[in-house]
Amino acid sequence: IWEYTPTGTIALGTVPGLISELEMHNKIIYAIAKTPRTSWNLYTLSIEPLSLNSIIEDDGAMTHLSSTDTGLLFVINRESHSELHRYDPDKKESSLVENESSYMSYPAEFQDTIFYSSLSEKGEDIYHSPIVKSTPVTYHQTDYDTPKLSIQDTHFTEKHLATELN
C-alpha cells in the first residue's frame, strides 16, 4: 500500500492478499480482496494500523463494488449467474436485491431502480431495472483450517502469496 504525496511516494506496508477494488463510503475504505484460500470477499482497509478486516465472506466471487446513499452494492458471481447484494454498514445488515437481470456489472442505485451495464449483442449496454424486493441474507463460507493472516506475518512473502492463490 502506497501513499502518494506532492513530494513523492511513501510505502505504508503490505496486506496479506490481493486487492481488486476500493470504494470509500462514509470515510471508511472498503475493498474487494482475496486472501489465501478464500474467494474475493468484502473487507475494510484500515490505514492505522494497516490491515484488511473481513466484513463478508462467501464462496462466490464478489465484484463491482459501488457506494450508494444506503450503503454498498456489489455483485456475487455464482457459476453462471450474478446476484446483486447490498450491505448497510450502519446496521451491519446484508440483503439480496432481486431484479430482472441475470448478469450485471457496475451497479448504481437511484430511486428504487438499479442501473447497470450488461452484455448485449453489440457488446455492453446500460440498462435499468426496478428493485423487486430486498431479502436479508446470511453468507456461506467454506470453513478453512487456516488461521487468518495479519500484516505482522512477516514470513508470508509475495512468492508464497502467489502460490497460495493459485
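Residues numbered from 1 in each chain as written. Predicted model: local features only at pLDDT ≥ 70, side-chain atom pairs only at ≥ 80, totals over all residues. Heavy atoms only, no water.

Draft legend 1. Representation of the pairing of strand β8 (residues 71-78) in the model. Within β8, seven of the eight residues are buried, leaving the element largely enclosed by the surrounding structure. Both strand β7 (residues 61-68) and β8 contribute to a ladder of six bridges, which runs antiparallel. Directly across from Ser67, in β8, lies its bridge partner Leu72. Two successive antiparallel strands, β7 and β8, enclose a turn made up of two residues. As defined by bridge partners, β8 adjoins strand β9 (residues 81-88) across seven bridges and the pair is classed as antiparallel. Residue pairing across strands places Asn77 opposite Ser82, the latter belonging to β9. In sequence, β8 turns back onto β9 through a hairpin of two residues, with Glu79 there showing a positive phi of about 50°. (Buried < 20%, exposed > 50% of the residue type's maximum accessible area, 1.4 Å probe, protein only. Helix = DSSP H or I, 4+ residues; strand = E, 2+ residues; numbered from the N terminus. Pairing = 2+ DSSP bridges.)

Draft legend 2. Representation of the nonpolar core within the structure. Residues Tyr30, Ile32, Leu42, Ile56, Met62, Leu65, Leu72, Phe74, Ile76, Tyr87 and Tyr139 constitute the largest nonpolar core, which totals 11 residues. Put simply, the parts of the chain that give this core at least two residues each are β4 (28-34), β7 and β8. Broken down by element, this core gets its largest block of residues, three residues, from β8. For Leu72, the contacting residues outside a window of four places in its chain are Glu23, His25, Tyr30, Leu42, Leu65, Ser66, Ser67, His85, Arg86 and Tyr87. Core analysis: the second largest hydrophobic core is formed by eight residues, Leu73, Leu84, Ile114 and Tyr116 among them. (Core = buried A, V, L, I, M, F, W, Y, C linked by side-chain atoms within 4.5 Å. Contact = heavy atoms within 4.5 Å.)

Draft legend 3. A look at the environment of Ala31. Locating Ala31 in the fold gives a position in strand β4. Assessed through its relative accessible area of 0%, Ala31 is described here as buried. As for Ala31 and Asn53, which are separated by 22 residues in sequence, their C-alpha atoms are 9.3 Å apart. The residues touching Ala31, leaving out its near neighbours within four places in the chain, are Ile19, Glu21, Leu22, Asn41, Leu42, Tyr43, Leu52 and Leu65.

Draft legend 4. Up close: the sheet that holds strand β12 (residues 113-120). Taken together, the three strands give an open sheet; going across it, the order is β11-β12-β13, and neighbouring strands pair in antiparallel fashion. Looking at strand neighbours, the two that pair on one side only are β11 (105-110) and β13 (123-130), the edges of this open sheet. Each strand axis lies, on average, 25° off the axis of its neighbour in the sheet, ignoring direction. Pairing between β11 and β12: four bridges, direction antiparallel. If you follow Glu109 over to β12, its bridge partner there is Ile114. (Axes fitted to C-alpha atoms, helices over the stretch in contact; angles between N-to-C directions.)

Draft legend 5. Quick peek at the packing of aromatic side chains. Applying the stated rule across the entire model yields one aromatic pair. Judged by centre distance (5.9 Å) and plane angle (20°), the ring pair of Tyr116 and Tyr127 falls under stacked. Of the two residues, Tyr116 sits in strand β12 while Tyr127 sits in strand β13, which places them 11 residues apart along the sequence. The class of Tyr116 is buried, set by a relative accessible area of 8%. (Phe/Tyr/Trp six-rings, centres within 6.5 Å; stacked < 30°, edge-to-face > 60°.)

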